[in-house]
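Residues per chain, in single letters:
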Amino acid sequence: MKFRMEFSFTAYFVAIFLMGYSAKAAVVRQYTCDNFFQSWCQLHNATVLMDTDAQASVFPRVRQLGFIYGTIGNFSHTFNNQLFKAGVLRVFARGTHVTHLTMPSTIEQLYLRDNGLQTVEIEPRARYILRYLRVQMNKLRSLAHFEHLTQLLELNLCDNLIEDVPLDTFATMPKLRQLILCGNHIKTLGTSTTVVYLPSLTHLDLGGNFLTRLPLDRWQFPQLINLSIRDNLLTALDSGTIVRRFQLLRILDASANALDCRSYHEALQTFVNRSIVHLIDRRMCSVDDAIVLDVEANGTRHVNGVQPDGEEVRLEVRHLKERIFLQQRTIQQQRMEIEQLRANLTTLTEQFDLVAGPARALDPF
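Please read all numbers here as calculations on a predicted model, not as lab measurements.

### A word on the pairing of strand β8 (residues 109-113)
With four of five residues buried, β8 lies mostly within the body of the structure. When strand β5 (residues 90-94) meets β8, the two strands line up parallel, connected through five bridges. Across the sheet, Arg94 pairs through a bridge with Arg113, a residue of β8. Summarising the sheet, β8 and strand β10 (residues 132-134) pair through three bridges and their orientation is parallel. Along β10, the bridge assignment pairs Gln109 with Tyr132.

Pasting the structure below:
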């Protein structure tokens, strides 16, 4: 009887290139690879300051490459060519100082979270196959030429320094499912009157910006399920237009906005009737949710069979309203968390299938 033993192989390499250059220009790479579960590598403390450094570097021949700490002074064409020669399709950087990015045309997934990225260069004549782009927690200020990334499924620009976002930029992305723009300094969404049609968009996050109005009449997102406009400067919200234009909407987060009383009451009535999970801060308006008390024929009000004075009635009603409001808010938050977890799970499953393929391997990144 023969037994076949399979085991994972983990290799550790340390390579030093360009010994003839100064210490600052040297490329020091230490990386770990695991080819049993999945073809991936993590490069630690890589230093690539000039194109000569990139030319002298020989990356592992893997589909997925991660940079852990270190510095990439210029994510240039030369750097991208070296990635292409190694057959890399997915790039991940964590804690790596990357100030400039020349968008690679041969990479399908690019995750550059919290790397100090300031500028992105996109060539209008290039054909990009990029499907997932996450550049959150950086220092980007402009979205120039982003409209040429036509194959994107997910775009995460959260926590940057962007002030103006013309939504026409994304009109060239018919496959875009998730657009995350939270935590920027966005004041306007462009001045164009053209209708923006995104047929595949399901998740739009505009939270944590400085928006004072939403150009709902220009938005045509037939598949939109999750809309977040929390923590902006909105004072009015047209709930009727929202439910008419986004008929599949299931989650709306409009908390931390100073909505006027008319918008507040209209939103409560509209979203409850449509069974939309909504999170809207309570407004102290003159007309609030009424709690109906027992009224006898002579007009005398009773609570639990006792005839209290007017002050006690008002105090009791206020306490009941506060308890009901707190319970409703807790339920809404829990429902929203469940829906958000479900959406995140769906996204992770899709990415898992895309990366792992038939091997169904674990994703180290």
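### Brief notes about helix α4 (residues 261-273)
Helix length check: α4, at 13 residues, gives a terminal C-alpha distance of 18 Å against a target of 18 Å (1.5 Å per residue), a fit within 8%. Every buried residue belonging to α4 is among Ser263, Tyr264, Ala267, Leu268, Thr270 and Phe271, and all of these are buried. Packed against the buried residues of α4 are α3 (239-245), β17 (251-253) and β18 (277-279). Of the residues flanking the end of α4, it is Ser275, one or two places downstream, whose phi is positive at about 55°.

### Describing the nonpolar core
Counting residues in each nonpolar core, the largest one holds 75 residues, and the members touching the most others are Phe67, Met103, Leu133, Phe170 and Trp219. Listing elements by their share of this core, those giving two or more residues are β3 (40-48), β4 (64-72), α2 (77-85), β5, β8, α3 and α4. Other than its neighbours up to four places away in sequence, Trp219 contacts Leu167, Leu189, Val196, Leu204, Leu206, Leu214, Arg245 and Phe246. Of all hydrophobic cores here, the second largest spans five residues; its members include Ile68, Phe92, Tyr111 and Tyr132.

### Quick look at the side chain of Ser255
Counting through the fold element by element, Ser255 comes out in the loop between β17 and α4. A distance of 2.8 Å separates the side chain of Ser255 from the side chain of Asp253, its partner in a polar contact. Excluding anything up to four places from it in sequence, Ser255 contacts Arg230, Asp231, Leu279, Ile280 and Asp281.

### Concerning the state of the cysteines
A full pass over the atoms with the stated rule returns one disulfide. Sulfur-sulfur distance for the disulfide between Cys158 and Cys182 comes to 2.1 Å. Between Cys158 and Cys182 the disulfide shows an S-S torsion of about -110°. By sign, it is left-handed. Of this pair, Cys158 sits in the loop between β11 (154-156) and β12 (178-180) while Cys182 sits in the loop between β12 and β13 (196-197), and the two are 24 residues apart along the sequence. Residue classification places Cys158 among the buried residues on the basis of a relative accessible area of 11%.

### Side note on the pattern of salt bridges
Scanning all chains against the criterion turns up six salt bridges. Residue Arg218 is joined to Asp168 by a salt bridge in which the shortest nitrogen-to-oxygen separation is 2.9 Å. With Arg218 in the loop between β14 (203-205) and β15 (219-220) and Asp168 in the loop between β11 and β12, this pair connects stretches of sequence that are 50 residues apart. The residue Arg230 makes a salt bridge to Asp205 at a minimum N-O spacing of 3.0 Å. Of this pair, Arg230 sits in the loop between β16 (226-228) and α3 while Asp205 sits in strand β14, and the two are 25 residues apart along the sequence. According to the relative accessible area criterion, Arg230 is partly exposed, its value standing at 27%.

### Brief notes about the environment of Thr193
Within the secondary structure, Thr193 is located in the loop between β12 and β13. By relative accessible area, which is 71% here, Thr193 ends up exposed. In the structure, Thr193 is positioned 25 residues away from Asp168 in sequence and 9.7 Å away in space, judged by C-alpha atoms.

### Describing the side chain of Gln82
Considering the arrangement of structural elements, one finds Gln82 in helix α2. Not counting residues within four places of it along the chain, the set of residues in contact with Gln82 comprises Ala54, Gln55, Ser57 and Phe59.

### Quick look at α2
For α2, the complete set of buried residues consists of Thr78, Phe79, Asn80, Gln82 and Leu83. Note on α2: the residue one or two positions beyond its end, Gly87, has a positive phi of about 75°.

### As for the confidence of the model for the protein chain
This prediction gives the protein chain a mean pLDDT of 78; 74% of its residues lie at or above 70. Confidence, read as mean pLDDT per element, is least for strand β1 (residues 10-17) in the protein chain (39) and greatest for β14 (97). This stretch, residues 1-28, has a pLDDT under 50; its non-local contacts, to residues over four places away or in other chains, come to 48 contacts. Here residues 354-365 scores under 50 on pLDDT; set against residues more than four positions off or in separate chains, the count is 30 contacts.

### Description of the packing of aromatic side chains
Tallied over the entire structure, the rule returns six aromatic pairs. Aromatic side chains Phe59 and Phe79 sit 5.4 Å apart centroid to centroid with 70° between the ring planes, which places their arrangement in the edge-to-face category. Of this pair, Phe59 sits in the loop between α1 (51-56) and β4 while Phe79 is found in helix α2, placing the two residues 20 residues apart along the sequence. An identical accessibility class is assigned to Phe59 and Phe79; each is buried. On the numbers, 5.7 Å between centres and 25° between planes, the contact of Trp219 with Phe221 is stacked. Each of the two residues, Trp219 as well as Phe221, counts as buried. Through pairs of rings, three or more aromatic residues link up here, namely Phe59, Phe67, Phe75 and Phe79.

What counts and how
Residues numbered from 1 in each chain as written. Predicted model: local features only at pLDDT ≥ 70, side-chain atom pairs only at ≥ 80, totals over all residues. Heavy atoms only, no water. Buried < 20%, exposed > 50% of the residue type's maximum accessible area, 1.4 Å probe, protein only. Helix = DSSP H or I, 4+ residues; strand = E, 2+ residues; numbered from the N terminus. Pairing = 2+ DSSP bridges. Expected span 1.5 Å × (residues − 1). Contact = heavy atoms within 4.5 Å. Core = buried A, V, L, I, M, F, W, Y, C linked by side-chain atoms within 4.5 Å. Polar contact = N/O pair within 3.5 Å; in protein donor to acceptor, adjacent residues only side chain to side chain. Disulfide = S-S within 2.5 Å. Salt bridge = Lys/Arg side-chain N within 4 Å of Asp/Glu carboxyl O. pLDDT = per-residue confidence, 0-100. Phe/Tyr/Trp six-rings, centres within 6.5 Å; stacked < 30°, edge-to-face > 60°.

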